[in-house]
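Chain by chain, the residues run as shown.
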Amino acid sequence: MEKFPDKKFADKLFDLSLDPMLILNKGVFTYCNEATLKLLKFDTIDQLLGKAPSDISPEQQPDGNYSSEKIKDLIRIAGKDGYHRFEWVHLNSKGEEIWMDVSLNSIPDFNGTAFYTIWRDITELKITQKELERSKNNYRNTLESITEVVFKRDLNNVLTFVSNQCFELCGYYDYELIGKTWETIISSNPNNEHAILRANEFKKNNYRAAIKSELEIIHRDGSLISLEINERIIYENEKQLEIIGSARNISEEKHMGIALHKSEAKYRRFVEQSPDITYIYSSKRGALFCSTRTKDILGFENGFYENDPFMWHNAIHKDDIESTLQIMHNFDPVKGFEVEYRIQDTRGNWHNFLDRSINCVVKDDEVIVEGIAIDITEKKVIENALLFSEKKYRFLFENMLNAFALHEIVLNEDSVVVDYIFLEINNAFQKHTGLSKKDVIGKKVSDVLPNIKEDPANWMEIYGKVALTGEQIKFDQYSESLKRWYSINCFSPKKGQFATIFEDISMQVETQIKLKQNEQKLSNLLNNLPGIVYRCKNNNKWDMEYINGSVFSILGYNPSDIIQNNKISYAEIIHPEDRLGVNEQINIALVKNERFSIKYRIIKSTGEIRFVFEQGIGIRNKNGVAEYIEGYINDITEQTIAQLELENHKIKLEETIDKRTADLQDKNKQLKQQNSELEKYNELFVGREFRIKELRNKVAYLEQLLKNNISE
């Protein structure tokens, strides 16, 4: 086989080079150095000589072109231009693919048929690029699937990135916020000023830990939204690069007034289920309380502080103890403190902790701290091991408030999903489920939750469909195994796997159920009221904001006809002759800030006139102005008519009595005249005693009859 003629040149050029170098003549290899044989895992040079490049390459290159045809085009270019550089995939003796950065150099005096070529192994670079791309895809998939808004801002607090979820959160599209600061949509709440000041301070002080704060922003529709902000400075070579964070809508939680910390029993359950260590520490008496997670993480026995209250203090690294105590004892009364330090467990291993205060109290010269100690050892190791882009992904993964878990499905021989295995979970997963990493990683879900296959939710079918089809789904579901409600977002990063991002919504669901029950009870009560309950604006039309009860039976209109004056205003229902009086009486009561009680007439939709009795009170705004009126209206038509009939009857009765009295007085006058005449007869007819006596008895009878009639 023909070799390169100048052996001395070959010795220097080929044999001493650390990079693979070869001679390609008339389309086949005629010489190579030791580095080439080592890379291709050939024992002798004869295994290579006489072979074309396509003979030690896969049939097709990554771009889909056949190796035998593509190499001819590349050699033709090198022959024409004298030099050509490109990427190529070769196979070693074991059939393993090797990515090459290849340069073809035309050898003078060979008319473009002979070349010396230099290979550079870029296999590791390609693997790294694929891993980086995978990391970016994971980051992108996670970013698009979480319910929180993820954002980045530069060191001037200008937003440089906002995830798509911002529209659902605040009504603005991402492009409307990029290039602006939070102040663009922030409210005038004084707490916002404190949150912004705190964020700026942690940037100025090169703060390394994550910072959590709350902001109140104005939604595009004008409503106020409360956000929980989690953010951290990203460094590169000790230089601040940017700030990355996430925002979560906590308005509903604030509105519902979650009373978790008001109940000692609920607080203790929260503490014991937390994946972190909750503690109470005294600067004089040492540890006063530590949750049971202390044993899981550090091996300290439960209740260790009762026998050795300074055990935790003594386990802190000697290089960290002084600075840690200084920060804890010199805390800011508003901000509290946050400090990182190393602490040794009972097995001699060191853990990195992030210690955050929840509440700090100073009594005399004693500092009492309630706080949370978070084991960030694994996070530290990961941050030091990953590339910059991977760091951002891990930060998002570990610090997201939603729980995350990655799984791989298990199929039976009929390709039916029968189980799935936990591959990875984040800290929030432990908080939302009560299952730690050591409980689940690498284990089947049927081993972790034995009753899951009997769960009515049919998790296997739901997750199996996502893992096999790639379909993304979002749903709320109750877990019979964990006895909790979850809001779940499920997607597949690759076939056979599925990831879930979820949060525990048990409290919200229970609250909503109770709220619906209460609303139903209230609705039943209002619907069965004999009168009308209302809330209206204090204006000349009494614009109804709310009206319920016996609306139709009293007014002849449906509530929807009157609300917002859809068909008629309430002022138009009031009888025209009574409207002015109603306005005057209500306004007098509102000015005096008193309740009012009035009677007036209304005209039903049928034209019938009814009497109503209304009681109400003004609802004042922050400026003291009666902006609304709330009250109760009752139909008193029957009572009013009965009262009017009673008054008419009384008048008629008085007239009858007056008439009868006058008649009796006339009769009495006549009787007196008859009596006078009888007296005269008595004088004329002396001796007729019997007749006179009879007449007198008759007179007495008539007088008694007169008295009886008068008393009647």
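1. Remarks on the confidence of the model for the protein
At step 1: Predicted confidence across the protein gives a mean pLDDT of 81, with 81% of residues reaching 70 or more.
At step 2: Confidence, read as mean pLDDT per element, is least for helix α1 (residues 7-15) in the protein (54) and greatest for helix α23 (residues 570-573) (94).
At step 3: For the stretch residues 1-6, pLDDT sits under 50, and the model shows nine contacts to residues farther than four places along the chain or on other chains.
At step 4: Within the model, pLDDT remains below 50 along residues 258-264, and this stretch shows eight contacts once partners closer than five positions in the same chain are excluded.

2. Looking at helix α24 (residues 576-591)
At step 1: An ideal rise of 1.5 Å per residue puts 22 Å on 16 residues; α24 measures up with 24 Å between its terminal C-alpha atoms.
At step 2: Within α24 the residues assigned to the buried category are Asp 578, Val 582, Ile 586, Ala 589 and Leu 590. Take α24 and look down its axis: the buried residues cluster within an arc of 100 degrees, on one side only. Seen from the open side of α24, the exposed residues pointing more than 90 degrees away from its buried face are Glu 577, Leu 580 and Val 591.
At step 3: Following α24 by one or two positions, Asn 593 has its phi on the positive side, about 55 degrees.

3. Side note on the sheet that holds strand β6 (residues 149-153)
At step 1: Strand order in the open sheet formed by five strands is β7-β6-β10-β9-β8, and the pairing between neighbours is antiparallel. Each edge of the open sheet carries a strand with a single partner, namely β7 (159-162) and β8 (211-218). Across this sheet, the average inter-strand angle for adjacent strands is 30 degrees, counted without regard to direction.

4. Things to note about the sheet that holds strand β15 (residues 366-375)
At step 1: The five strands are arranged β12-β11-β15-β14-β13 in an open sheet whose pairing can be described as antiparallel. In this open sheet, the two edge strands, each paired with only one partner strand, are β12 (286-290) and β13 (338-344). Across the sheet, the axes of successive neighbouring strands diverge by a mean angle of 35 degrees, strand direction being ignored.
At step 2: With seven bridges connecting them, β13 and strand β14 (residues 350-363) associate as antiparallel partners. Bridge assignment links Gln 344 to a residue of β14, and that residue is Trp 350.
At step 3: Along the sheet face, helix α13 (residues 318-329) touches β11 (277-282), β13 and β15 and points at about 145 degrees away from the line of β13.

5. Here we look at the pattern of salt bridges
At step 1: If you walk through the whole model with that rule in mind, you get 26 salt bridges.
At step 2: Between Asp 345 and Arg 347 there is a salt bridge, with the nearest N and O atoms lying 3.2 Å from each other.
At step 3: Judged by relative accessible area, Asp 345 falls into the buried class, the value being 5%.
At step 4: Among the residues examined, Arg 347 registers a relative accessible area of 55% and is labelled exposed.
At step 5: In this structure, a network of salt bridges that share partners links the residues Glu 608, Arg 610, Asp 635 and Glu 638.

6. What to know about the pairing of strand β2 (residues 28-32)
At step 1: Within β2, four of the five residues are buried, leaving the element largely enclosed by the surrounding structure.
At step 2: Remark: two residues form the turn of the hairpin made by strand β1 (residues 21-25) and β2, two consecutive strands paired antiparallel; Lys 26 in that turn has positive phi of roughly 55 degrees.

7. Concerning the pairing of β6
At step 1: Counting buried positions along β6 yields five of five residues, so the element is predominantly enclosed.
At step 2: Across five bridges, the pairing between β6 and strand β10 (residues 239-249) is antiparallel. Considered in β10, the bridge of Phe 151 is made with Gly 245.
At step 3: Relative to β7, β6 runs antiparallel, the two being bridged by three bridges.

8. Considerations on the packing of aromatic side chains
At step 1: With the rule as written, the count across this model stands at 20 aromatic pairs.
At step 2: Between Tyr 478 and Trp 485, the ring centres sit 5.7 Å apart and the planes meet at 55 degrees, which makes this aromatic pair tilted.
At step 3: For Tyr 478, a relative accessible area of 26% gives the class partly exposed.
At step 4: One aromatic cluster is present, formed by Tyr 420, Phe 422, Phe 429, Trp 459, Tyr 463, Phe 475, Tyr 486, Phe 498 and Phe 502 through successive ring pairs.
At step 5: Positioned above the aromatic ring of Phe 161 is the side chain of Lys 152, whose terminal nitrogen or guanidinium carbon lies 5.9 Å from the ring centre.

Rules used throughout
Residues numbered from 1 in each chain as written. Predicted model: local features only at pLDDT ≥ 70, side-chain atom pairs only at ≥ 80, totals over all residues. Heavy atoms only, no water. pLDDT = per-residue confidence, 0-100. Helix = DSSP H or I, 4+ residues; strand = E, 2+ residues; numbered from the N terminus. Contact = heavy atoms within 4.5 Å. Expected span 1.5 Å × (residues − 1). Buried < 20%, exposed > 50% of the residue type's maximum accessible area, 1.4 Å probe, protein only. Arc of directions from axis to C-beta. Pairing = 2+ DSSP bridges. Axes fitted to C-alpha atoms, helices over the stretch in contact; angles between N-to-C directions. Salt bridge = Lys/Arg side-chain N within 4 Å of Asp/Glu carboxyl O. Phe/Tyr/Trp six-rings, centres within 6.5 Å; stacked < 30°, edge-to-face > 60°. Lys NZ or Arg CZ within 6 Å of the ring centre and 35° of its normal.

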